Amino acid sequence: MIEQLETIGVIGAGQMGSGIAQVSAAAGYDVVIADISLEAAQAGLDRLKTQMQKAVDAGRMQSGDRDAIVARISVAGGMDGLSGCDLVIEAASENEAVKRKIFVELCPVLKPEALIASNTSSISITRLAAATDRPERFMGIHFMNPVPRMKLVELVRGIATADEVFDLARAYVDRLGKTSTVSEDFPAFIVNRILLPMINEAIYTLYEGVGSVEAIDTAMKLGANHPMGPLELADFIGLDTCLAIMQVLHDGLADSKYRPCPLLVKYVEAGWLGRKSGRGFYDYRGETPVPTR
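The structure presented is a predicted model; accordingly, all values stated were derived computationally and were not measured. (Residues numbered from 1 in each chain as written. Predicted model: local features only at pLDDT ≥ 70, side-chain atom pairs only at ≥ 80, totals over all residues. Heavy atoms only, no water.)

What follows is about the UniProt feature "domain: 3-hydroxyacyl-CoA dehydrogenase C-terminal" (unreviewed entry) in the chain. In this numbering, the UniProt entry assigns the feature "domain: 3-hydroxyacyl-CoA dehydrogenase C-terminal" (unreviewed entry) to residues 189-284. Across residues 189-284, helical content stands at 61% and strand content at 2%; the span's end C-alpha atoms are separated by 31 Å. (UniProt positions renumbered as here; feature names shortened; annotations may be inferred. Helix = DSSP H or I, 4+ residues; strand = E, 2+ residues; numbered from the N terminus.)

The next point concerns the packing of helix H7 (residues 191-207) against helix H11 (residues 262-269). Across the interface, H7 lies against H11 with an axial gap of 8 Å and an inter-helix angle of 90°. Judged by the inter-axis angle, H7 sits roughly perpendicular to H11. Touching Asn200, Ile203, Tyr204, Leu206 and Tyr207 of H7 are Pro262, Leu263 and Leu264, all from H11. When the residues that make up the contact of H7 with H11 are grouped by side-chain class, the tally is seven nonpolar, one polar and no charged. (Axes fitted to C-alpha atoms, helices over the stretch in contact; angles between N-to-C directions. Parallel < 35°, antiparallel > 145°, perpendicular 65-115°, else oblique. Contact = heavy atoms within 4.5 Å. Nonpolar A, V, L, I, M, F, W, Y, C, P; charged D, E, K, R; others polar.)

This paragraph deals with the packing of aromatic side chains. The final tally for this structure, using the stated rule, is seven aromatic pairs. Both rings, one in Tyr282 and one in Tyr284, keep their centres 6.3 Å apart while their planes meet at 50°; by these two values the pair is tilted. When its relative accessible area of 16% is taken as the criterion, Tyr284 is described as buried. Among the aromatic residues, those joined into a cluster by ring pairs are Tyr29, Phe143 and Tyr172. Over the aromatic face of Phe166 sits the side chain of Arg157, whose NZ or CZ is 4.1 Å from the ring centroid. In this structure, Arg175 packs its charged tip against the face of Tyr29, placed 3.8 Å from the ring centre. (Phe/Tyr/Trp six-rings, centres within 6.5 Å; stacked < 30°, edge-to-face > 60°. Buried < 20%, exposed > 50% of the residue type's maximum accessible area, 1.4 Å probe, protein only. Lys NZ or Arg CZ within 6 Å of the ring centre and 35° of its normal.)

The next subject is the sheet that holds strand E6 (residues 138-143). If you trace the eight strands from one edge of the open sheet to the other, you get E3-E2-E1-E4-E5-E6-E7-E8, paired in mixed fashion. Each edge of the sheet is formed by a strand with only one pairing partner; in this case those strands are strand E3 (73-77) and strand E8 (179-183). When strand polarity is set aside, the average angle formed by the axes of neighbouring strands in this sheet is 25°. Relative to strand E2 (residues 30-35), strand E1 (residues 7-11) is paired through five bridges, and the arrangement is parallel. Its bridge partner being in E2, Thr7 is matched across the sheet by Asp30. (Pairing = 2+ DSSP bridges.)

A separate point is the UniProt feature "site: Important for catalytic activity" (unreviewed entry) in the chain. UniProt feature "site: Important for catalytic activity" (unreviewed entry): in the numbering of this structure it lies at His142. Structurally, His142 can be placed in strand E6. Not counting chain neighbours up to four residues away, the residues in contact with His142 comprise Ser118, Asn119, Thr120, Ser121, Leu152, Val153, Glu154, Phe189 and Asn192. Here Glu154 takes part through its side chain, which lies 2.8 Å from a polar atom of the side chain of His142. (Polar contact = N/O pair within 3.5 Å; in protein donor to acceptor, adjacent residues only side chain to side chain.)

So, in structure tokens, the structure goes:
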């Protein structure tokens, strides 16, 4: 059994994966970012370098800290570069089939004692663990977005997760300087079990004509003291991710109150996924975001 984690692998060089790599390297871990190709992994690291340079320029980060973080991160195309990792965190898209395929490819290259975690925001940890050769060494470590700024990490055990694995995961989160909360393995865990139905209801409020995009977001920012309106937040999360989580809730709990709003489905079908695609409930292609409804 691994007594202490030293090298962290991250699968997925997108916003979440690169954020996990950044905070892990900042805490002194050696980190390997893997993606479908070496070019994709390097592109993720390059985006991370750009973001950290902006933080340096704004006075939020010291240049020496940035250099130390970059020095601890390497990249890999495919799974082979993760063979020496003590813990590998999967941070791919919120699609169960994609995640299961990743774990099937990952397990043969890992050392027997290595731990695996998923950053899934909604999918059953027990079910994902069953796609691996080590369900007792598998658990959920769910970071919030954006990872460097958000203080919370949800820890989720599967039915087979060993106590020692949970303890190592909690010690890892502690070393990152973040606060962990423990969730049972139910659809969407704690944060998204509460947050996404609220966002879905805001979309229904728009769909039914109760208020405009601007009215709904202003109402929740000023009336409930939320830092970001629910539709603006949906765009930030990604409407495809919002829909995927609502579908997990609806399928897993079989309750009509979790039915995804038809307007959310329509936006995703149109490819209007929020900030990352340039349009969602706001149009981001100009100098300032403009409501699309």
